[in-house]
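Examination of the molecular architecture
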Amino acid sequence: MAQYGFHFNGQRCTGCKTCVLACKDKNNLPNDIAFRNVYEYGGGTWTQAADGTWTTDAFTYHVSVACNHCGMPACLEKCPQEAISKDPDTGAVVRDHDKCIGCGTCTLACPYGAPKVDAEQGKSVKCDMCLDRVKEGKMPICVESCPLRALDFGEIDELRAKYGDEAAIAPLPDPSETMPSLVVTAPANAKPSGDGDGAVMNEREIA
């Protein structure tokens, strides 16, 4: 089975959130649900020296993330209805609308918060890697829409050969938990997964 995934270049991303809006538009998502989010992660402080001068270790950067179509998806493992599976052609983690009962177990299990419960439908919903586009030879809409070309998509082994294998960047969890199909080019001043010095600065925007 082929495994496709995403590359995120934190040295290009400006946090414009075009990827978020393009995804919401394609999938006709309500205001309170987003399949892709852009986290603004920052922290640090200012320190005054005895001579009156100031120094700072303040930092901030953006991380765009959606479902990572993991090698060991926690949502698939925990779903009591067996409503989640991996597409044999792409490795995409997909859900069966008819089997899903909207219990939210997948939402609680996923360390990336990728599945959401749509209260109106009474079903779990999530990024499906834009399978309709991918099977036509197109890029996922988030990748195609990014004006800074901060996102890329393809077979994960090829992305890792091209960009490296880093994915352990705050505020994302340690990749050993689920083996995400994700490669990150770390932005300047990036902190590792589990970092305690920073915080998500835009929590109210995350859906």
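Calculation notes
Along each chain, the written sequence defines residue order, and numbers are assigned to residues from 1. In view of the model being predicted, local features appear only for residues whose pLDDT reaches at least 70, and side-chain atom pairs are presented and counted only at 80 or more, with totals across whole chains, interfaces and linings using the full set of residues. Just so you know, side-chain values use all the structure's heavy atoms and leave hydrogens and water out. Only centres within 6.5 Å qualify two rings of Phe, Tyr or Trp (six-membered ring in Trp) as a pair; their planes then separate them into stacked at under 30 degrees, edge-to-face at over 60, and tilted for everything else. Under the scheme used here, helices are H or I runs from DSSP no shorter than 4 residues and strands are E runs no shorter than 2 residues, and both carry numbers assigned from the N terminus. To sort residues, take the accessible area from a 1.4 Å probe on protein chains only and compare it with the maximum for the residue type: under 20% means buried, over 50% means exposed, and anything in between is partly exposed. Put simply, a salt bridge is a Lys or Arg side-chain nitrogen that is within 4 Å of an Asp or Glu carboxyl oxygen. Pairing between strands is defined by DSSP: at least two bridges between them are needed. Think of each axis as a best-fit line through the C-alpha atoms, taken over the contacting stretch in the case of a helix, with angles from 0 to 180 degrees between the N-to-C directions. Throughout, a residue-residue contact means that at least one pair of heavy atoms, one from each residue, lies within 4.5 Å. Two N or O atoms count as a polar contact when they lie within 3.5 Å, although within protein this holds only if one can serve as hydrogen donor and the other as acceptor, and sequence-adjacent residues are included solely when both atoms are side-chain atoms.

1. Focus: the packing of aromatic side chains
All told, the structure shown has five aromatic pairs when counted by the stated rule. Residues Phe6 and Phe153 carry aromatic rings whose centres are separated by 5.3 Å and whose planes lie at 55° to one another, so their mutual orientation is tilted. Here Phe153 lies in strand β10 (residues 151–155) and Phe6 lies in strand β1 (residues 4–9), a separation of 147 residues in the sequence. Using a relative accessible area of 3% as the deciding quantity, one classes Phe6 as buried.

2. Observations regarding the pattern of salt bridges
Applying the stated rule across the entire model yields six salt bridges. Taking the shortest distance from any N to any O, the salt bridge between Lys26 and Asp132 comes out at 3.2 Å. Of the two residues, Lys26 sits in helix α1 (residues 18–27) while Asp132 sits in helix α4 (residues 131–134), which places them 106 residues apart along the sequence. Here Lys26 falls in the partly exposed class, since its relative accessible area comes to 30%.

3. A look at the sheet that holds strand β5 (residues 59–65)
Reading across the sheet, the three strands line up as β5-β2-β12 and stay open at both edges, with antiparallel pairing between neighbours. Strands with a single pairing partner mark the edges of an open sheet, and in this sheet they are β5 and β12 (198–200). Shown here is a sheet whose adjacent strand axes are inclined to one another by a mean of 25°, direction ignored.

4. Points about the environment of Ser64
Positionally, Ser64 belongs in strand β5. A relative accessible area of 5% places Ser64 in the buried class. As a C-alpha pair, Ser64 and Leu151 span 87 residues in sequence and 8.5 Å in three-dimensional space. Contact partners of Ser64, with chain neighbours within four places excluded, come to Phe8, Cys19, Arg36, Asn37, Val38 and Leu151. Polar side-chain contacts of Ser64 include one of 2.9 Å to the side chain of Arg36.

As far as function goes, none of this settles anything; it's purely spatial.
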